[in-house]
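# Examination of the molecular architecture
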Amino acid sequence: MNAQPKYKWLVDAGLFALFIVAFFLDLTGLDLHQWIGVAAGVLALYHLITHWNWVTAVTRRFIGKTSGKSRLYYGLDAAILAGFVAIAATGLVISTWLNLALDNYDTWLTVHIAASIGTLAATV
């Protein structure tokens, strides 16, 4: 295994580990949960940047000239990306950092948890 794929695998494993640890709020407490979320977001952005050539290549040929396996991975990756965006957006809204006065806090929390569960299912 050459260094670049091994390094990318380590980034992916680190991202998954951060997601799993953050998923179980009882393990971390709220403050660490929020910081782990930020770290996972930065690592996810790095992951996207390092795989950008694949994303653009498959996007250009998605309809016609690509394999079913690439389409499946692309769709799965898009679902995971949408999940991470939903987790991050709802997490920021309910975070103690912004301390927003929300009349519908429970709704935001429910969406945050549902997005987390759905994203975990898609990731696994």
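The structure reproduced in this document is the subject of the present report. (Residues numbered from 1 in each chain as written. Predicted model: local features only at pLDDT ≥ 70, side-chain atom pairs only at ≥ 80, totals over all residues. Heavy atoms only, no water.)

### Points about the packing of helix H4 (residues 68-94) against helix H5 (residues 105-123)
Relative orientation of the contacting elements H4 and H5 amounts to 155°, with a least axis distance of 8 Å. In terms of their interaxial angle, H4 and H5 are classed as roughly antiparallel. Along this stretch, H4 crosses H5, giving a crossing that reads as left-handed. In this structure, H4 uses Leu 76, Ile 80, Gly 83, Phe 84, Ala 86, Ile 87, Thr 90, Gly 91, Val 93 and Ile 94 to contact H5, whose residues at the interface are Tyr 105, Trp 108, Leu 109, Val 111, His 112, Ala 115, Ser 116, Thr 119, Ala 122 and Thr 123. (Axes fitted to C-alpha atoms, helices over the stretch in contact; angles between N-to-C directions. Helix = DSSP H or I, 4+ residues; strand = E, 2+ residues; numbered from the N terminus. Parallel < 35°, antiparallel > 145°, perpendicular 65-115°, else oblique. Left-handed = near helix turned anticlockwise from the far one by under 90°. Contact = heavy atoms within 4.5 Å.)

### With respect to the environment of Tyr 105
Within the fold, Tyr 105 resides in helix H5. Distance from Tyr 105 to Thr 90, taken between C-alpha atoms, is 10 Å for residues 15 residues apart in sequence.

### What to know about unusual backbone geometry
A negative phi holds for most residues other than glycine; trans holds for most peptide bonds. Unusually for a residue other than glycine, Asn 99 sits at a positive phi of about 50°. Checked against the element boundaries, Asn 99 lands in the loop between H4 and H5. Exposure remark for Asn 99: the relative accessible area of 62% places this residue in the exposed category. (Buried < 20%, exposed > 50% of the residue type's maximum accessible area, 1.4 Å probe, protein only.)

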